[in-house]
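Each chain, letter by letter, is given below.
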Amino acid sequence: MNRRDFLKMGAGGLALASLPGWANIANPERRLVIFFLEGGLDGLSTIVPKLEGRLESFREELMPDNLLDLSSHWALHPAMRATHQLMLQQDVLGIHATSFPYTKRSHFEGQNLIQGGGLAPFSESTGWVGRALDIASNGGRAMSLDTPLLLRGATGVDNYFPAHVNGSSNPTTRLLEMLHGGLSPEWQTENDKLMARLNGRVFNSRDRSPRGLSEEAGKALARPDGPVAAMIRLGGYDTHAGQGGKNPGRLFSLTGELDTCISTLRKNLGGAWDNTTFITLTEFGRTVKVNGSSGTEHGYGTAMLVGGGAVNGGAVLADWPGLAKSDQFERRDLMATIDSRSICAAVLEHTFGLEHAEIAERVFFTPNLPRLTDRIYL
Amino acid sequence: MKTTNSPKSPTLNYMMRVGLLPRPEHEVPSDPVNWAIANLYRDDPTLSPPSDRDDPTNLQPWPEEFDPGIRRRLINLWRWDESRDSIRERLKNAPERERQSKLDEAQFKYDLRWHDAARMDARGSFGEDSVRQRFGHFWFNHFTVGNYDAFYTAGDMYEHRILPHMNGDFANLLYEATTHYSMLRYLDNVSNISPRSKAGQWRRMDGKQVGFNDNLAREIMELHSCSPAQGYTETDISEAARILAGWGDWALNPKNERDWLSAERPYIRNKAEPGKKTVLGKTYGSGYTALKEFTADLAALPQTRKFICYRLALHFISDEPSKRLTDALETAWVQSNGNLGKVHEKLLEIAWTDGGRKLLWPSHWLYNTVRISGSNYFMGHKDVFNRKSGQRAMRPMRELGISFWEDRQPNGYPLESKEWISLEHLDRRIRFASAVYGTGSGRLTPQQIMNNLGIPAEMQTQIRNAGSTTDQFTALVVNQWAMEVQA
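Residues numbered from 1 in each chain as written. Chains lettered and ligands numbered in written order. Predicted model: local features only at pLDDT ≥ 70, side-chain atom pairs only at ≥ 80, totals over all residues. Heavy atoms only, no water.

Asks: Outline the overall build of chain A, listing residues and values.
Replies: Counting its secondary structure elements, chain A contains 12 helices and 12 strands. The buried share of chain A, reckoned over its 378 residues, is 65%. Expressed as a percentage of contacts within chain A between residues at least 6 apart in sequence, the contacts between residues at least 24 apart total 72%. (Helix = DSSP H or I, 4+ residues; strand = E, 2+ residues; numbered from the N terminus. Buried < 20%, exposed > 50% of the residue type's maximum accessible area, 1.4 Å probe, protein only. Contact = heavy atoms within 4.5 Å.)

See the structure below:
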């Protein structure tokens, strides 16, 4: 369909959140990684419901061959070999027919809502991970050129993204001290963090690909005094055209990249894998039916992955809504039957030792948010 | 020695808000508002030294061959496509490095992005039309085109759709931007094909999937005009997609004369949806004229006026623009029937007396840094012509996270100050300050710069005590004075 090579959209970015020295929480060694899949992941091609007979009739062209079987019901996209292995080792759990409570199919409202975790797009100036870190009295660190909304709210989020500026010299602590007074208060905070970084560990990597950032995140999180949370952005999931099916298309490259990121993270975490949970997030799913350009339009329900040594993996958690027209959301999208915020809440509960009720109330502003923690962790 | 912050003169602050700081050879206006309004309508050619090693006062016009028009750019795109396939085929067993080097060579021959990037930076460094540039950047960002194929033609969109139309009626700008190849390609409208059209039927006979593609239809409403506040439905979006079906094609084949007739406004009747369409309660007929009617109707919506005026105020005036200010812009819109020139003029008036704090986009900060240094930092057209150095033209803005020539999401770069504050952004400011001072040719000393800008005596003393001249320069540009517009 698209004759040209697919090139990823959007720069990847890594954001990390770390514990300050004074932090005092139950399990300071626990870590959280979020892979943010920008554009809207097609859940139906990523975790394929094999027994859903109607799928083929809606999107034969998008159905990949050589699916990686998980059970008699479910299979994984063929580009996700490493993740498949982790699932067979029961370290990764799939969640299907899930979404944040957002149905309007705008990327930018959706991304904002999913990072903000509020009740409406643009209602929050902080992110749900940031708020949870704040409640758990943790500071934060971000590793990207900007600081994503998701981590905002925690005090002291800083960021990391390797610089490539010809003819420039590295900032020094003397220079930063000198500049401090001339900066506005917001920038003075950043100046302090840059100073702390220069005084601490030096990042040596120059690799800005999502794989490189996953490596950096794994190494950083594995340190006992390392950050507690990381966010890595992967772009290009808005597969309106040339998504691919029998022939590898855009989704093949994308899920392959995600797969590499997951295996790279796993490898670089080493033993810290047992204390780490990763999740994937995306703003929405895509239409059940293929569109005119071998792609899919913005939809609603999608799939996510939750993984880590403590995760009760190897299966797909779903309350399958069916794909009959009348079972689809607005007769076009996969219905969402699991509120993704319940998954996020479980991860926050496990990682930061917060009570579910407090997370529901103060992080997601939804006191009756269902608790799914026991379904996700061992 | 530590620096502290100092206020700057109202005129420099205003120039920074709506334009760029002056180079040493530029005049500082005595009547800033009238200067800005006249500047908005300037039509300067791009002037810059031919190479980044040349004297910064040796200005020459940017060669016309680097702005060859949409047809030539589309031929380039076609040829690049063909040569890529042939190189892949021919060198399929060759080492990866050799193949990549041939591919780079071919791409360099056909891809004008390096020129477009260098040209924008040359204007930013040397142009006296800084107000026009700032509005141009705002609108080029509003109508973001950000993916691979769209890049080949994005420079054409900026030169021939954004700059010449951004002071006319919004309805017209919306139509011009929507119908440019870059936009049609970027938001997948090239794949928006009616199943009832001839092309649709042919494709079905070939066993291919056929149908509409909503991408452009959604974003034209959500991002470019009325915003979700309008409360349109999915049906409105799919009907809008039916109006848009037929606009655009993947690549125009230079061997096919019929395609050439439509390079400027690529409407392919064979892909269009026949019959009537209804969006937001209004019914449109078939054929290519429906889109112009549709964009005019979108432009006339009160929500469009509100959304655009708010965004303009957010970018130029304040992170929390008051209702009084946005009302003043909306009144100018209503009185002029949606003429952006009049809205921009009103904004320039308001900005003199009423602006709040704004952090500059990193690109505008870097242009200011180069301008006040009096140096020549970015590449000239001769540097870009050279393949070895040419591909570096896109690097500075990529590093600052604000390149117009890289992949990005359709909502463009954020307008809010807080989105640009981070540790890494601070690191980049410091690095670029040293890079401009270290590698820019023809620069002034920090003392000369401070004299030119009338920096207060106390701040001058602090900067003189900052250390080496490079550190002094860094202290001069990495501070609140140089990074922010004051209230």
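Asks: Could you give an account of the overall build of chain B, with specific residues and numbers?
Replies: Looking only at helices and strands, one finds 26 helices and six strands in chain B. For chain B, whose C-alpha radius of gyration is 24 Å, the value lies close to the compact-globule estimate of 23 Å for 487 residues. Principal-axis analysis of the C-alpha atoms gives chain B an extent of 80 × 60 × 35 Å. When burial is assessed residue by residue, chain B has 66% of its 487 residues classed as buried. Considering only residue pairs separated by 6 or more positions, chain B has 74% of its internal contacts joining residues 24 or more positions apart. If you sum the accessible surface of chain B, you get close to 17500 Å²; carbon and sulfur atoms cover 48% of it. (Rg over C-alpha atoms; globule rule 2.2 N^0.38 Å. Areas by Shrake-Rupley, 256 points an atom, 1.4 Å probe, with all protein chains shown as cover.)

Asks: Which residues make up the domain arrangement of chain B, and what values do they have?
Replies: Residue and element names in this part refer to chain B. Under the domain assignment used here, chain B contains domain 1 (10-63 + 116-138 + 359-485), domain 2 (69-111) and domain 3 (169-299). Centre-to-centre separation of domain 1 and domain 3, based on C-alpha positions: 38 Å. At the junction of the two partners, domain 1 supplies four residues and domain 3 supplies four residues. Here domain 1 meets domain 3 over a buried area of about 270 Å², counting both sides, of which 63% is carbon and sulfur. By the criterion of area lost to domain 3, the three top residues of domain 1 are R408, P410 and N411, representing 99% of everything that side buries. The interface formed by domain 1 and domain 3 contains zero salt bridges. When grouped by side-chain class, the residues that make up the side of domain 1 that touches domain 3 number one nonpolar, two polar and one charged. (Domains from an automatic or database assignment. Buried area = accessible area lost by both parts, 1.4 Å probe. Salt bridge = Lys/Arg side-chain N within 4 Å of Asp/Glu carboxyl O. Nonpolar A, V, L, I, M, F, W, Y, C, P; charged D, E, K, R; others polar.)

Asks: Break down the packing of helix 15 (residues 302-316) of chain B against helix 17 (residues 340-354) of chain B for me, citing the residues and quoting the values.
Replies: Residue and element names in this part refer to chain B. The interhelical angle for the contact between helix 15 and helix 17, taken along N-to-C directions, is 35°, at an axis separation of 11 Å. The crossing of helix 15 and helix 17 is right-handed. Contacts between helix 15 and helix 17 involve C309, L312, A313 and F316 on the former and, on the latter, V343, H344 and L347. Split by residue class, the contact of helix 15 with helix 17 holds six nonpolar, one polar and no charged. (Axes fitted to C-alpha atoms, helices over the stretch in contact; angles between N-to-C directions. Left-handed = near helix turned anticlockwise from the far one by under 90°.)

Asks: Can you lay out the interface of chain B and chain A for me, pointing to particular residues and giving the numbers?
Replies: Taken together, the contacts link 74 residues of chain B with 67 residues of chain A. Around 5900 Å² of area is buried between chain B and chain A when both sides are counted, 52% of it from carbon and sulfur atoms. Of all residues in chain B, B:Q209, B:L423 and B:R431 give up the largest surface area on contact with chain A, accounting jointly for 12% of the area buried on that side. Linking chain B with chain A are four salt bridges, by the criterion used here. Residue A:R332 pairs with B:E234 through a salt bridge whose shortest N-O separation is 3.7 Å. At the boundary of chain B and chain A, one finds 17 residue pairs in polar contact (both at pLDDT 80 or more). Where the side of chain B that touches chain A is concerned, the elements lending two or more residues are helix 3 (70-90), helix 7 (148-165), helix 9 (181-186), helix 11 (215-224), helix 21 (395-399), helix 22 (423-439), helix 25 (469-477) and helix 26 (480-483) of chain B. For the side of chain B that touches chain A, the element with the highest residue contribution is helix 22 of chain B, accounting for 13 residues. When grouped by side-chain class, the residues that make up the side of chain B that touches chain A number 25 nonpolar, 20 polar and 29 charged. (Polar contact = N/O pair within 3.5 Å; in protein donor to acceptor, adjacent residues only side chain to side chain.)

Asks: Describe helix 8 (residues 210-222) of chain A, listing the residues and the values that go with them.
Replies: Given a rise of 1.5 Å per residue, 13 residues ought to cover 18 Å, and the 18 Å separating the end C-alpha atoms of helix 8 of chain A matches this to within 8%. When helix 8 of chain A is considered as a whole, its buried residues turn out to be A:P210, A:G212, A:L213, A:S214, A:E216, A:A217, A:G218, A:A220 and A:L221. (Expected span 1.5 Å × (residues − 1).)

Asks: Talk me through unusual backbone geometry; I want residue IDs and the actual numbers.
Replies: Although it is not a glycine, A:Q90 sits at a positive phi angle of roughly 65°. Examined against the element boundaries, A:Q90 turns out to sit in the loop between helix 3 (81-88) and strand 6 (92-99). Of note in the backbone geometry, B:D188 takes a positive phi value of approximately 65° without being a glycine. On the secondary structure map, B:D188 appears in the loop between helix 9 and helix 10 (198-205). Residue class for B:D188 comes out buried when judged on its relative accessible area of 7%.

Asks: Tell me about the side chain of B:K271, and name the residues and values.
Replies: Residues and elements named next belong to chain B. Structurally, K271 can be placed in the loop between helix 13 (257-260) and strand 3 (277-279). When its relative accessible area of 4% is taken as the criterion, K271 is described as buried. Excluding its chain neighbours within four sequence positions, the residues that come into contact with K271 are V190, N192, I193, S194, S197, A199, A245, G246, G248, D249 and W250.

Asks: I'd love a proper account of the packing of aromatic side chains, names of residues and values included.
Replies: All names here are of chain B. By the definition in use, this model includes 26 aromatic pairs over all chains. Seen in terms of ring centroids, Y284 and F294 are 5.7 Å apart; in terms of plane orientation they differ by 80°. Their pairing is edge-to-face. In this pair, Y284 is assigned in strand 4 (residues 282-284) and F294 in helix 14 (residues 289-299), connecting sequence segments 10 residues apart. Judged by relative accessible area, which is 2%, Y284 ranks as buried. By relative accessible area, which is 1% here, F294 ends up buried. Ring centres of Y413 and W420 lie 6.1 Å apart, and the angle between their planes is 55°; this geometry places the pair in the tilted category. For the pair formed by Y413 and W420, the shared burial category is buried. Through pairs of rings, three or more aromatic residues link up here, namely F135, F138, W139, F143, F170, F316 and W333. A cation sits over an aromatic face here: R429 above W365, 5.0 Å from the ring centre. Directly above the ring of Y437 sits R443, whose terminal nitrogen or CZ lies 4.2 Å from the centroid. (Phe/Tyr/Trp six-rings, centres within 6.5 Å; stacked < 30°, edge-to-face > 60°. Lys NZ or Arg CZ within 6 Å of the ring centre and 35° of its normal.)

Asks: How would you summarise helix 18 (residues 362-373) of chain B if you had to cite specific residues and measurements?
Replies: All names here are of chain B. With 12 residues, helix 18 should cover 16 Å at 1.5 Å per step; its first-to-last C-alpha distance of 16 Å lies within 8% of that length. Across the 12 residues of helix 18, 12 count as buried, placing the element largely inside the fold. Of the residues making up helix 18, those classed as buried are P362, S363, H364, W365, L366, Y367, N368, T369, V370, R371, I372 and S373. Just downstream of helix 18 lies G374, where phi reads positive at about 70°.

Asks: Outline the sheet that holds strand 5 (residues 74-76) of chain A, supporting the account with residue identities and numerical values.
Replies: Where strands meet in a sheet, backbone hydrogen bonds hold them as pairs that are either parallel or antiparallel. Residues and elements named next belong to chain A. Strand order in the open sheet made by the three strands is 3-5-4, with antiparallel pairing throughout. Where the open sheet ends on each side, the last strands, each with one partner, are strand 3 (47-49) and strand 4 (68-69). Relative to strand 5, strand 3 runs antiparallel, the two being bridged by three bridges. Opposite V48, over in strand 5, you have A75 as the bridge partner. (Pairing = 2+ DSSP bridges.)

Asks: Can you lay out the nonpolar core for me, pointing to particular residues and giving the numbers?
Replies: Nonpolar side chains tend toward joint burial in soluble globular proteins. Residues and elements named next belong to chain B. Counting residues in hydrophobic clusters, the biggest one holds 139 residues, and the most contacted among them are W139, F140, F143, F294 and V478. Counting residues per element, this core draws most heavily on helix 22, which supplies eight residues. Here this core gathers at least three residues from each of two domains, domain 1 (10-63 + 116-138 + 359-485) and domain 3 (169-299). Not counting residues up to four positions away in its chain, the partners in contact with W139 are I162, M166, F170, L173, I308, L312, L340 and H344. (Core = buried A, V, L, I, M, F, W, Y, C linked by side-chain atoms within 4.5 Å.)

Asks: Before we move on, can you summarise the pairing of strand 6 of chain A with the specific residues and values?
Replies: Residue and element names in this part refer to chain A. For strand 6, a buried count of eight out of eight residues is recorded, marking the element as mostly surrounded by other parts of the structure. As paired strands, strand 6 and strand 10 (residues 302-307) are joined by five bridges and run antiparallel to one another. Bridge assignment links L93 to a residue of strand 10, and that residue is V306. Pairing between strand 6 and strand 11 (residues 316-317): two bridges, direction parallel. Within strand 11, the residue paired with G94 across the bridge is V316. Looking at chain direction, strand 6 and strand 12 (residues 338-339) are connected through two bridges and run parallel. Its bridge partner lying in strand 12, S99 is registered against D339.

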